[in-house]
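An overview of the molecular structure
Letter by letter, the chains look like this.
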Amino acid sequence: MRSDVAPKEKYKRFCGHDFPVVGVMGLNLMDIPREDIVACLIETVRQKGAARVINANAHCVTLSQKQPWLRELFDRAEIAFCDGAGVQLASMFLTGKNLHRTTPPEWIGNMLSALGEKADIFWLGGEQEVAEKGAAAFAAKYGCRTAGVQHGFFDATPGSPESETVLAKIVAAKPSVLLLNMGMPRQEQWLWDNWDRLPPMVAITAGALVDHAAGRVSRPPRWVANLGLEWLVRLSREPTRLWRRYLLGLPRFGLYVLWWRLCALLGKKMV
C-alpha cells in the first residue's frame, strides 16, 4: 500500500481523456463526474472495447486493507470511482481532495438510453426470478437487449464446475455490457479471477442494481445520499443482512482512517 501523504498529481487515461487519480487508504480512485463515466462507457461500447468499472465505499476500503488483490484491481481497472460518503470524507480528511461521488443506479439509465440496442446486457447475480424481472424492465424502459441472465448463487471458486459453466455461458453470449450484482467483495473477486477470460465488454460492479431494476427496492431521495445517510436507509430495509457491515464495519473503517492519518503525521509508510 502507498502512503497518502502529500500525494503527487496522478492521472489515468481512458477513452482519450486524463482523469485525476487520488490515493485514498491504498486505493487509487479517479475524480470523475458521473457524466464523464457515461460518456466514456457509451464510446467504449460503440467501439466494442473493454472496461472494468468498479467503485469504492467504506466497506470496500475496509476490505482492501487486508486484500492486496483488491487494491491491485483498483490499480488496473479502467474506471474506479468513489461510491460512498465515508470514502469522500476520508479523502478530504487524508488528502484534501473532495472526490466526485456517484453510484451505478444514478447513471446507468442514461448510459443505456443512449446506447439502446447496442447495449446487449448479461445480468450476473441476484435471485434468478428477480434478475429476469430486472432485465425485462430495463429492456422495456431503455430499449437495451438482454444477452443472458444468471443468478448469483453458484460456486464462484475459480475452476469449479459451476463457475466454468457460468463463464462459458457469458463468453457464448458475447454481451457488450456485463452487470455484476453479486455483492461486495464477491463480484469484485469474480471480476478479478475471470476478466482475462472474457471477450471485450464493459463490466460494471453494480451491487444491488438488480433489485432496483426489478422494483424490489427503491432508491432514497437524493438529499438522503447528499447527507451521507443512504447506509441508514439500507440498514433499516435489510437489518439481518447488513447489520454487521454498518454497525461493526463503519467504526472499523473510522479506525482505519485515523490509523492512516496517524501514520501520515509520523511519516510512516503503510505496508
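Parameters at a glance
Residues numbered from 1 in each chain as written. Predicted model: local features only at pLDDT ≥ 70, side-chain atom pairs only at ≥ 80, totals over all residues. Heavy atoms only, no water. Phe/Tyr/Trp six-rings, centres within 6.5 Å; stacked < 30°, edge-to-face > 60°. Lys NZ or Arg CZ within 6 Å of the ring centre and 35° of its normal. Helix = DSSP H or I, 4+ residues; strand = E, 2+ residues; numbered from the N terminus. Buried < 20%, exposed > 50% of the residue type's maximum accessible area, 1.4 Å probe, protein only. Contact = heavy atoms within 4.5 Å. Pairing = 2+ DSSP bridges. Axes fitted to C-alpha atoms, helices over the stretch in contact; angles between N-to-C directions. Parallel < 35°, antiparallel > 145°, perpendicular 65-115°, else oblique. Left-handed = near helix turned anticlockwise from the far one by under 90°. Salt bridge = Lys/Arg side-chain N within 4 Å of Asp/Glu carboxyl O.

The name given to the protein in an unreviewed UniProt entry is Glycosyl transferase, and the organism recorded there is Acetobacter aceti NBRC 14818.

**Let's talk about the packing of aromatic side chains**
Under the criterion given, the structure shown has 4 aromatic pairs. Positioned above the aromatic ring of Phe 154, the side-chain terminus of Arg 186 is 5.3 Å from the ring centre. Lying across the ring of Phe 93, Arg 261 places its NZ or CZ 5.5 Å from the centre.

**A few points about the environment of Asp 31**
Relative to the elements of secondary structure, Asp 31 occurs in the loop between β3 (27-30) and α1 (34-46). A relative accessible area of 21% means that Asp 31 is categorised as partly exposed. Taking the C-alpha atoms as reference, Asp 31 lies 5.4 Å from Pro 20; in sequence the two are 11 residues apart. Discounting residues that sit within four places of it in the chain, Asp 31 has contacts with Pro 20, Asn 98, Leu 99 and His 100.

**Quick look at the pairing of β3**
With burial as the criterion, each face of β3 is covered, one bearing Leu 27 and Leu 29 and the other bearing Asn 28 and Met 30. Summarising the sheet, strand β2 (residues 17-24) and β3 pair through 4 bridges and their orientation is antiparallel. Each residue of the ladder has a partner; that of Gly 23, found in β3, is Asn 28. Where β2 hands over to β3, the hairpin turn is made up of 2 residues, of which Met 25 adopts a positive phi near 55 degrees.

**A closer look at the packing of helix α3 (residues 68-76) against helix α8 (residues 186-194)**
Packing of α3 against α8 brings their axes to within 10 Å, and their N-to-C directions diverge by 70 degrees. Between α3 and α8, the crossing angle belongs to the class labelled roughly perpendicular. Pair α3 / α8 crosses with left-handed handedness. Contacts between α3 and α8 involve Trp 69, Leu 70, Glu 72, Leu 73 and Arg 76 from the first element and Glu 188, Gln 189 and Trp 192 from the second.

**Re the pattern of salt bridges**
Counting across every chain of the model gives 8 salt bridges. Close ionic contact of Asp 18 with Arg 13 constitutes a salt bridge, the shortest N to O distance being 3.0 Å. Classification of Asp 18 by relative accessible area gives partly exposed; the value is 43%.

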